[in-house]
Amino acid sequence: MSQRNKKVVVIGGGITGLTAAYYLQKQAREYGLPLDVTLVEASHQVGGKMRTVVKDGFVIERGPDSFLERKESAGRLAREVGLGDKIVNNSAGKSYVLVRDRLHPMPGGSIMGIPTEIGPFVTTKLFSWSGKFRAAADFFMPPTEKKEDQTLGTFFRRRLGDEVVENLVEPLLSGIYAGDIDRLSLMATFPQFYHIEQKYGSLVRGMKKTTPKRKSAADGEKKKGIFISISTGLQSMAEAIERKLDEGSVLKCTRVDKVTKDSKGYEVRLSTGETLKADSIVMCVPPEAALHMFPEQEHLFAGFKEMPFTSVATISMAFPESAIKEDIDGTGFVVSRNSDYAITACTWTHKKWAHSAPAGKALLRCYVGRPGDEAIVDAADAEIVQVALGDLQKIMNISGEPEFTVVTRWKESMPQYTVGHRGRIEELKKGLAEELPGVYAVGSSFEGLGIPDCIDQGEGAVKKVLSYLDF
């Protein structure tokens, strides 16, 4: 009698779930494993926040627009699914910080706001002299007393002082996590800064010693940026992965209503009334959804019941280049909280990504929404556009209305890794191993929300599943 195929259900079709399904099926094909993989996605399309609008020659990202090239898993996956010729680097250009109605160039050599070159930091007008002297205390201050966790704000304010944190560090780090650095966990977001401080005594000295030197561009060669994207849009990457999955293995517009453990594994009840059998499950959904699916194991997710999620919106605006009467030499800026602006950042997308706009056109993308000030996300599209335009007019001269706009809201979609997050993750993993063996929780709510981080989690889940199934 032939052995039955083992069955894996992947819940959630964002980039983490797509990655898990893709590599599980790839392993099954390459090694002849008796394995059936089904991906269940509640919405009508896969990709999660990887959403792209292609219109009138513009390529407009609604969610993330890129990923770090040095995090190799994303580029590798893109090449595997046939998009190698579509991978592009961003154009390296000046970035700015907006503080009290003035754009200040980002100090040269700063990494996440941490100076690694003294000259640019001393000469910048982004900080007062007292702020600069306070930051210099980092060279003489002893390392933080060893502790399990602390907020990003506590750590950086101690090392560099309030002014540097509020005018440079906070706008950059909050832009990544759309969160409050005085609540976000250091060890769950940037543990490397803590380890560098512990090893070198000084954060600035340690960053200078550990940051590899960028290669200079050859004469006449345009300097490449450190980010990469897909010229046809990141949504096309999600769609390319989906096309590589086995026919009939993706169930869209289908929710998982409940998962029940039995003597043979798991029973996955779907919103369609159908039931799937599973030997192993990869959950790529937020904790709230997991709570709904596993009502009998609600206690396992207790640590995540109060996990906050923030709301943000993006406003992309298309113009003829001639409408930008007073342009700026750069690719974008972030906004200090010391500035009276609704927008938190703006990217001159057509300068950052050559593929994003036709010749003679400009594409600007603004961001709104921050912890404690998210009401604007609920405003009407027209109001959000006018607020963004009003803010831009304070620092650049734009004539006329946009040719068209694309407003995107991400309601309560940005997970906040608050202090103690890593401990809660370890408790969840331990509880799952004891009570729900073969079930794995991964994705942006857990151990990294960037595209490569999610891909890495998907790949990690594949290894755990195959080990659990004795393959």
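Our subject is the structure that appears above.
Residues numbered from 1 in each chain as written. Predicted model: local features only at pLDDT ≥ 70, side-chain atom pairs only at ≥ 80, totals over all residues. Heavy atoms only, no water.

Asks: Can you help me understand the nonpolar core in this one?
Replies: Grouped burial of nonpolar side chains is what soluble globular proteins tend to show. In terms of nonpolar packing, the biggest core is built from 61 residues, with Ile11, Phe156, Val259, Val268, Ile281, Met283 and Phe301 touching the most fellow members. If you tally residues by element for this core, the top one is helix H6 (residues 162–177), at 7 residues. The residues touching isoleucine 281, leaving out its near neighbours within four places in the chain, are Val9, Ile11, Val259, Tyr266, Val268, Gly438, Val439 and Tyr440. Among the nonpolar cores identified, the runner-up in size contains 43 residues, and Leu77, Leu83, Val465 and Leu466 belong to it. (Core = buried A, V, L, I, M, F, W, Y, C linked by side-chain atoms within 4.5 Å. Buried < 20%, exposed > 50% of the residue type's maximum accessible area, 1.4 Å probe, protein only. Helix = DSSP H or I, 4+ residues; strand = E, 2+ residues; numbered from the N terminus. Contact = heavy atoms within 4.5 Å.)

Asks: Where do I start with H6 in this structure?
Replies: Every α-helix winds through 3.6 residues per turn, so residues three or four apart in the chain are directed the same way. In this model H6 runs just 20 Å from its N-terminal to its C-terminal C-alpha over 16 residues, more than 12% under the 22 Å that 1.5 Å per residue would give. Of all the bends in H6, the largest measures some 45 degrees and sits at valine 169, one to four residues before the proline proline 171. Within H6, the full set of buried residues consists of Val164, Val165, Asn167, Leu168, Val169, Glu170, Pro171, Leu172, Leu173, Ser174 and Tyr177. Alanine 178 lies just past H6 and shows a positive phi near 50 degrees. (Expected span 1.5 Å × (residues − 1). Bend = angle between axes of the 7 residues up to and from the residue.)

Asks: Before we go on, may I ask you to explain the sheet that holds strand S18 (residues 332–335) in this structure?
Replies: Strand order in the open sheet made by the 7 strands is S8-S7-S18-S19-S20-S17-S21, with mixed pairing throughout. Sheet topology places strand S8 (102–105) and strand S21 (404–415) at the edges, where each strand pairs with a single neighbour. Sheet twist, expressed as the mean angle between neighbouring strand axes with direction ignored, is 20 degrees. Of the strand pairs in this sheet, S18 and strand S19 (residues 343–348) are connected by 3 bridges, and their pairing is antiparallel. Of the residues in S19, the one forming a bridge with valine 334 is alanine 345. (Pairing = 2+ DSSP bridges. Axes fitted to C-alpha atoms, helices over the stretch in contact; angles between N-to-C directions.)

Asks: In this structure, what is going on with unusual backbone geometry? I would like to understand it.
Replies: Phi is mostly negative for residues that are not glycine, and the peptide bonds are mostly trans. A positive phi angle is found at aspartate 101, which is not glycine, with a value near 70 degrees. Tracing the sequence through the fold places aspartate 101 in the loop between strand S7 (95–99) and S8. Owing to a relative accessible area of 52%, aspartate 101 belongs among the exposed residues under this scheme. In the Ramachandran plot, alanine 178 falls in the positive-phi region, its phi being about 50 degrees despite a non-glycine side chain. Mapping alanine 178 onto the fold places it in the loop between H6 and helix H7 (186–189).

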